[in-house]
Amino acid sequence: MNIRMGVVMDPLDSIYPQKDSTVAMMQEAQRRGWTIEVASLSAVSLLDGVPFAKAEEITVFDDDEAWYDLKPMRSVAMTDWDVILMRKDPPFSIDYIASTYVLERAEEAGVLVVNRPVALRDVNEKIFATRFSQCCPPSVVTSSVSELEVFMNTHERIVVKPIDLMGGRGVIAVSRTDANSKSLLSSATAGGTNFVQAQRYIPDVTETGDNRILLVNGDPIPQVLKRRPKAGEFRANLAAGGSAGGEMISEHEMWICQEIGPELKKRGVYFAGIDVVGGFLTEINVTSPTGIKELDSIFGINIASNLMDFIEEKLIKEG
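Described below are features of the structure shown in this document.

The rules we used
- Residues numbered from 1 in each chain as written.
- Predicted model: local features only at pLDDT ≥ 70, side-chain atom pairs only at ≥ 80, totals over all residues.
- Heavy atoms only, no water.
- Phe/Tyr/Trp six-rings, centres within 6.5 Å; stacked < 30°, edge-to-face > 60°.
- Helix = DSSP H or I, 4+ residues; strand = E, 2+ residues; numbered from the N terminus.
- Buried < 20%, exposed > 50% of the residue type's maximum accessible area, 1.4 Å probe, protein only.
- Lys NZ or Arg CZ within 6 Å of the ring centre and 35° of its normal.
- Patch = residues over 30% accessible without salt bridge, like charges linked within 9 Å, V, L, I, M, F, W, Y side chains within 5 Å.
- Areas by Shrake-Rupley, 256 points an atom, 1.4 Å probe, with all protein chains shown as cover.
- Salt bridge = Lys/Arg side-chain N within 4 Å of Asp/Glu carboxyl O.
- Lys, Arg positive; Asp, Glu negative; His and termini not counted.
- Charge placed at Lys NZ, Arg CZ, Asp CG, Glu CD.
- Pairing = 2+ DSSP bridges.
- Axes fitted to C-alpha atoms, helices over the stretch in contact; angles between N-to-C directions.
- Contact = heavy atoms within 4.5 Å.
- Expected span 1.5 Å × (residues − 1).
- Parallel < 35°, antiparallel > 145°, perpendicular 65-115°, else oblique.
- Left-handed = near helix turned anticlockwise from the far one by under 90°.
- Nonpolar A, V, L, I, M, F, W, Y, C, P; charged D, E, K, R; others polar.

So, about the packing of aromatic side chains. All told, the structure shown has four aromatic pairs when counted by the stated rule. Ring plane angle 70° and centroid distance 4.7 Å describe the contact between Trp67 and Tyr68, whose orientation is recorded as edge-to-face. Their ring planes at 40° and their centres at 5.1 Å tell us that Tyr270 and Phe310 sit as a pair that is tilted. Residue Tyr270 is located in the loop between helix 7 (251–267) and strand 17 (271–277), and its partner Phe310 is located in helix 9 (residues 303–318); the two are separated by 40 residues in the primary sequence. Neither Tyr270 nor Phe310 differs from the other in exposure class; each is buried. The ring of Tyr201 carries Arg157 above its face, with NZ or CZ at 4.2 Å from the centroid.

This next bit is on a negative patch on the surface. Among the surface-exposed residues, Asp62, Asp63, Asp64 and Glu65 lie close enough to one another that they form a single negatively charged patch. Along the chain, Asp62 falls in the loop between strand 4 (50–60) and strand 5 (68–70). Residue Asp62 is classed as exposed on the basis of its relative accessible area of 73%.

Here we come to unusual backbone geometry. Note on backbone geometry: most residues besides glycine have negative phi, and most peptide bonds are trans. The omega torsion across Val114 and Asn115 is 0°, close enough to zero to call that bond cis. In this fold, Asn115 is placed in the loop between strand 8 (112–114) and helix 3 (117–122). The phi dihedral of Ala190 falls on the positive side, at around 50°, and the residue is not glycine. For Ala190, the location among the structural elements is in the loop between helix 5 (181–188) and strand 12 (196–200).

In this section: the sheet that holds strand 10 (residues 157–162). Taken together, four strands build an open sheet; the order of strands is 9-12-10-11 and the sheet is antiparallel. Of all the strands in the sheet, just strand 9 (139–142) and strand 11 (172–175) have a single pairing partner and so form its edges. For this sheet, the mean inter-axis angle between neighbouring strands, taken without regard to orientation, is 25°. The pairing of strand 10 with strand 12 spans five bridges and is antiparallel. Across the sheet, Ile158 pairs through a bridge with Arg200, a residue of strand 12. Across the face of the sheet, helix 5 comes into contact with strand 10, strand 11 and strand 12 while running at roughly 145° to strand 11.

Compared with the 21 Å implied by 1.5 Å per residue over 15 residues, the 21 Å span of helix 2 (residues 94–108) between its first and last C-alpha is a close match. Tucked into the core, helix 2 has its buried residues touching strand 1 (4–9), strand 3 (44–47), strand 4, strand 7 (83–87), strand 8 and helix 3. Downstream of helix 2 by a residue or two, Gly110 has a phi angle that is positive, lying close to 110°.

The next point concerns the side chain of Glu253. Residue position: Glu253 is located in helix 7. The buried charged residue Glu253 lacks any salt bridge, with Lys226 as its nearest oppositely charged partner at 6.3 Å. Aside from chain neighbours lying at most four places away, what touches Glu253 is Asn211, Ile213, Val224, Met248 and Val276.

Let's shift gears to the packing of helix 1 (residues 21–31) against helix 9. Relative orientation of the contacting elements helix 1 and helix 9 amounts to 60°, with a least axis distance of 9 Å. It follows that helix 1 is oblique to helix 9 by the angle criterion. Once helix 1 is placed against helix 9, the crossing between them reads as right-handed. Only Ala304, Ser305, Leu307 and Met308 of helix 9 make contact with helix 1, whose side of the interface consists of Ala24, Met25, Glu28 and Ala29. Class assignment for the residues of the contact of helix 1 with helix 9 results in six nonpolar, one polar and one charged.

This is the structure in structure tokens:
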């Protein structure tokens, strides 16, 4: 198919192509002969209600040192694209939310947006998982330091996460025996003004790490990325220094995917990455899930091909 794809993403000079899932997606799209144009969040706008982007047509190469070439920037009506990949990393700020309204106008004009703008707004990566409490560790979402203290005293040790960041940024572990526990909780909530999510600490994370499972249109990829934290660290995120390995999805992890997959599919979360620690679902990542490059390298597969197959089939079906 002759497909024209727009990609809204972080600036190209901030990308590590050897690890970046968006790069893997663009490489696969290019192999299929698609035209690819990239734009940053700040280049997206509405003009008299029509969504536009200052975009550059990109050619990608399998070369970590010189991985792309660009044609001159020009103003593009986003309604001229067949599909848009929204791959801007968090923070999930008001600017990010505003961009989803722009993308929604393109979607209303018939453009396929991956993931759907309304889903990007509604499926908070920390809080949404609590809809599936049967899969999750005990948790609380609050801005109250006193509520966090009660939760911490109940579960001995907890992990506290900002609800708008990624890659392990701002995530802390706090125990009730810590002399400065109240200060840490106060800092995490900016003095009780910012919402956070706290989960019961899962000791398995220091030994087995966490498992990243990718889903395309609600169906899991059978190969799982196993991330282990570095020595002295509990965060297994690769961005926090974790190491990557691979294993096949377990029966229990498949059950988790069966629990959440239909809801993701219904909401238009076409590409997601879930995190499982010690058998518990801890996060559902929908903004710019990663792991494609690592899994492709470990298993000799091509996960982006699954996503592009889905996009092609959906464009044909919706014609």
